[in-house]
Amino acid sequence: MVITDFTRSLTGKLHRGVEKPPEGKSPPKSTTIPLVLGILTQEVYSREYRMLSGIKAGLLTFNSGLIEIMQEDSEAKDLSQIQQCFSESVTKAIDEKQANAVTVATPCLEPLGSLIAREQSMEFLSLNQEIACSCEKHQLRNVGLLGTSWDTSQNSHLVTMLKQHGIGVSIPSNTAVRNLLTHCVRYEVRGGIYYNGKSCDSEAFCLSAVEDMVERDQIDGLILCNGELRYLAKDIGQKWPQLKIINAMLVHWQLLQKSYEEVES
């Protein structure tokens, strides 16, 4: 299902100690604004992205059908169904003169958004580029990725972007672990999972994946690729205070806010 909706003003407090998006000026009513594409859980869409001032969103809810696509095609070679939905959202936004730029909230799907933007001669705002620049700003040399199996694939667009910036990348080495992390993202790290012959808490499972990357590859930073993992930041920071945590959703908020300010000035 494609969701298109104007979003509410940036006012509400985020939950459970999650950092609030930066305040700033809302774009003038006369300006066109970015169309945000991506796959998010319904809660992240409704609680976080709809808070951003003036955002026009063409987001897909993170439903079972999309999970099946991800599991069947982890290398993201055949995404025609998602591409069609994104294209329809962009075409509608253009027809209604509601957007002049495209950005993608889901790192692994950025190539689709970039392709659509080029086809429509629209500006593209790259989240992955901003993540790489944030890593450079904090002088990170080797970062871990925590996210869906798509985002943590060695061939993902984010991994490629980071390596182009000379940043080493560590991912959960076990395919089963990466698939279960996709499950954790889908259910926002709630409930339990069954792994290696026993049941365990979803949050504890995610933290064990981080611990593996810390011990195996001596990472100095960790990228939370998906907004659904945002609640883990506090516990990760307490357990591994030496890690610089890059919250992709917050980076995206800042990118969008910066685009507003540039247009307004």
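For clarity, every value in this text was computed on a predicted model and none was experimentally measured.

Let us now look at the overall build of the protein. A count of helices and strands for the protein gives 10 helices and 11 strands. Within the protein, buried positions represent 54% of all 265 residues. Within the protein, contacts between residues separated by at least 24 positions form 70% of all contacts whose residues are at least 6 apart in sequence. On the protein, roughly 12100 Å² of surface is accessible, and the fraction owed to carbon and sulfur atoms is 46%.

Quick look at the side chain of N142 now. Here N142 lies in strand β6 (residues 142-146). Setting aside residues up to four positions removed in sequence, N142 forms contacts with G168, V169, S170, D217, Q218, I219, D220 and G221.

Counting across every chain of the model gives two salt bridges. Across the pair D212 and R216 runs a salt bridge, and its minimum N-O distance is 2.5 Å. Taken as a pair, D212 and R216 lie in helix α8 (residues 202-217) at a separation of four residues, close to a single helical turn. Taking relative accessible area as the criterion, D212 reaches 35% and is therefore assigned partly exposed. Residue R216 is classed as partly exposed on the basis of its relative accessible area of 32%. Close ionic contact of D217 with R216 constitutes a salt bridge, the shortest N to O distance being 2.9 Å. By sharing partners, the salt bridges in this structure join D212, R216 and D217 into a single network.

Turning our eyes to something else, we now look at the packing of aromatic side chains. Tallying each qualifying case throughout the model produces zero aromatic pairs. Of note, R230 hangs over the ring of Y231, and the distance from its end group to the ring centre comes to 4.2 Å.

Geometry of a packed helix pair, given as the angle between the helix axes and the separation of the axes. Their axes nearest at 10 Å, the elements helix α3 (residues 80-95) and helix α4 (residues 110-119) cross at an angle of 45°. In terms of orientation, α3 and α4 fall into the oblique class. The crossing of α3 and α4 is right-handed. Touching I82, Q83, F86, S87 and V90 of α3 are L112, L115 and I116, all from α4. Classifying every residue of the contact of α3 with α4 by side-chain character gives six nonpolar, two polar and no charged.

In an α-helix, one turn spans 3.6 residues; hence positions three or four apart end up facing the same way. Here helix α7 (residues 175-186) contains 12 residues, and its C-alpha end-to-end distance of 17 Å stays within 8% of the 16 Å for a straight helix at 1.5 Å per residue. Taken together, the buried positions of α7 are occupied by V177, R178, L180, L181, T182, C184 and V185. Between the side-chain oxygen of the N-cap and the backbone nitrogen of A176 there are 2.7 Å, and the N-cap of α7 in question is N174. Count one or two residues on from α7 and you reach E188, which has phi positive near 50°.

Turning our attention to the packing of α7 against α8. Axis separation between α7 and α8 bottoms out at 10 Å; the angle between their running directions is 135°. In terms of orientation, α7 lies oblique with respect to α8. For the element pair α7 and α8, the recorded crossing hand is left-handed. Residues V177, L180, L181 and C184 of α7 form the contact with α8, whose participating residues are S202, F205, C206 and A209. For the contact of α7 with α8, the per-class residue count stands at seven nonpolar, one polar and no charged.

Here the focus is the confidence of the model for the protein. It should be kept in mind that the predicted coordinates are not to be read in detail where pLDDT is low. Mean pLDDT over the protein works out to 76, with 70% of the residues at or above the 70 mark. Under a pLDDT of 50 for its full length, residues 1-30 has, in the predicted model, 84 contacts with residues more than four places off or in other chains.

Quick look at the environment of V214 now. For V214, the position within the fold is in helix α8. The spatial distance from the C-alpha of V214 to the C-alpha of L243 is 9.0 Å, given a sequence separation of 29 residues. In contact with V214, not counting residues within four places along its chain, are I219, W240, Q242 and L243.

What counts and what doesn't
Residues numbered from 1 in each chain as written. Predicted model: local features only at pLDDT ≥ 70, side-chain atom pairs only at ≥ 80, totals over all residues. Heavy atoms only, no water. Helix = DSSP H or I, 4+ residues; strand = E, 2+ residues; numbered from the N terminus. Buried < 20%, exposed > 50% of the residue type's maximum accessible area, 1.4 Å probe, protein only. Contact = heavy atoms within 4.5 Å. Areas by Shrake-Rupley, 256 points an atom, 1.4 Å probe, with all protein chains shown as cover. Salt bridge = Lys/Arg side-chain N within 4 Å of Asp/Glu carboxyl O. Phe/Tyr/Trp six-rings, centres within 6.5 Å; stacked < 30°, edge-to-face > 60°. Lys NZ or Arg CZ within 6 Å of the ring centre and 35° of its normal. Axes fitted to C-alpha atoms, helices over the stretch in contact; angles between N-to-C directions. Parallel < 35°, antiparallel > 145°, perpendicular 65-115°, else oblique. Left-handed = near helix turned anticlockwise from the far one by under 90°. Nonpolar A, V, L, I, M, F, W, Y, C, P; charged D, E, K, R; others polar. Expected span 1.5 Å × (residues − 1). Polar contact = N/O pair within 3.5 Å; in protein donor to acceptor, adjacent residues only side chain to side chain. pLDDT = per-residue confidence, 0-100.

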